[in-house]
Amino acid sequence: MQHRTATRADWLTERTALLAREKEFNTARDALSAARRDLPWVKVDKDYQFDTKDGPQSLSDLFGSHSQLIIYHFMFGTDWSDPCKSCSYWIDNFNGIAPHLAARDTALVMVSKGSLATLQKFAKRMGWILPWVSSANTDFNEDYDVTFSEEARKSDVTYNYRQTRMSMSDMPGTSVFAKGDDGHIYHTYSTYSRGLDMLNGAYHLLDITPKGRDEGDLPFSMGWLNYHDSY
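To start, this report covers the structure provided alongside it. Sequence order sets the numbering: in each chain, residues are counted from 1 along the sequence as written. Predicted model: local features are reported for residues with pLDDT of at least 70 only, side-chain atom pairs are reported and counted for 80 or more only, and whole-chain, interface and lining totals are derived from all residues. Heavy atoms throughout the structure, all of them, feed into the side-chain values; hydrogens and water do not.

Time to look at the side chain of Ser58. Here Ser58 lies in strand β3 (residues 55-58). Assessed through its relative accessible area of 13%, Ser58 is described here as buried. In DSSP terms, a helix is any run of H or I states spanning at least four residues, a strand is any run of E spanning at least two, and both are numbered starting from the N terminus. For every residue, the accessible area (1.4 Å probe, protein chains only) is compared with the maximum for its type, and the residue is labelled buried under 20%, exposed over 50%, or partly exposed between those bounds.

Printed below as a string of structure tokens:
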């Protein structure tokens, strides 16, 4: 690995200039986060029922005692033998953070189209302790644009807020819900594709290294990924 070098004084000059840009970015990010929180809410009218380790549960049940719920739409289709490696990478970043989210009145749950037994088996292998529930018997995934039937994929589908041709039956995403003072559940936000990037702490650690993500010469950006017990 080679790179240009400098004296400590010259490095400090460039680093200070970069710090000014980083502060500008943080200010812009704060403003973007505020705009995200200011989005209008959409009332959830459907009674979704999920398969969980505690039996059938509604979307309201997934909140637990909290007023906010984050759903990670994990790619694991009904007929898939193995789950998405990229989604597994994301969940490795989330494992263990539930108590911190709970302290801020927020629950985090994974939802997949695969059967509950299949999900539980893989979670045990990975050592994940986050709740993982199955939406196999609901159209929750379809309604939030992360699962596409074979029939739907014969034409363009909606993913990441645009019409696109889709070869995969499942795609990743994150959706946020809130319980209003009126007792109803509201959908407040969803993000997909590169919008999920901000949720991956490992990527952001790599971003501060000289090599960065080091994915430029790969067939596709996450071609290096594997399950954490398979490297």
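Resuming the write-up.
Residues spaced three or four apart along an α-helix point in a common direction, a consequence of the helix completing one turn every 3.6 residues. When helix α5 (residues 116-126) is considered as a whole, its buried residues turn out to be Leu116, Leu119, Phe122, Ala123 and Met126. For α5, the buried positions fall inside an angular range of 135° around the axis, keeping them on one side. Exposed side of α5, more than 90 degrees from the buried face: Ala117, Lys121 and Lys124 are the residues found there. Lining the buried residues of α5 we find β2 (49-52), α3 (85-94), β5 (106-112) and β6 (132-134). Note on α5: the residue one or two positions beyond its end, Gly127, has a positive phi of about 75°. By definition, the arc is the one covered by directions from the helix axis to the C-beta atoms. The contact criterion used is simple: two residues touch if any of their non-hydrogen atoms lie within 4.5 Å.

Another point: the side chain of Thr147. Relative to the helices and strands, Thr147 resides in the loop between α6 (140-143) and β7 (157-159). On the accessibility criterion, Thr147 (9% relative accessible area) is buried. Here Asn141 takes part through its side chain, which lies 3.1 Å from a polar atom of the side chain of Thr147. Apart from the residues within four sequence positions on either side, Thr147 is in contact with Lys113, Asn141, Glu142, Ser169 and Asp170. Under this definition, polar contacts are N or O atom pairs within 3.5 Å; protein pairs additionally need one hydrogen-donor-capable and one acceptor-capable atom, and for neighbouring residues in sequence, both atoms have to be side-chain atoms.

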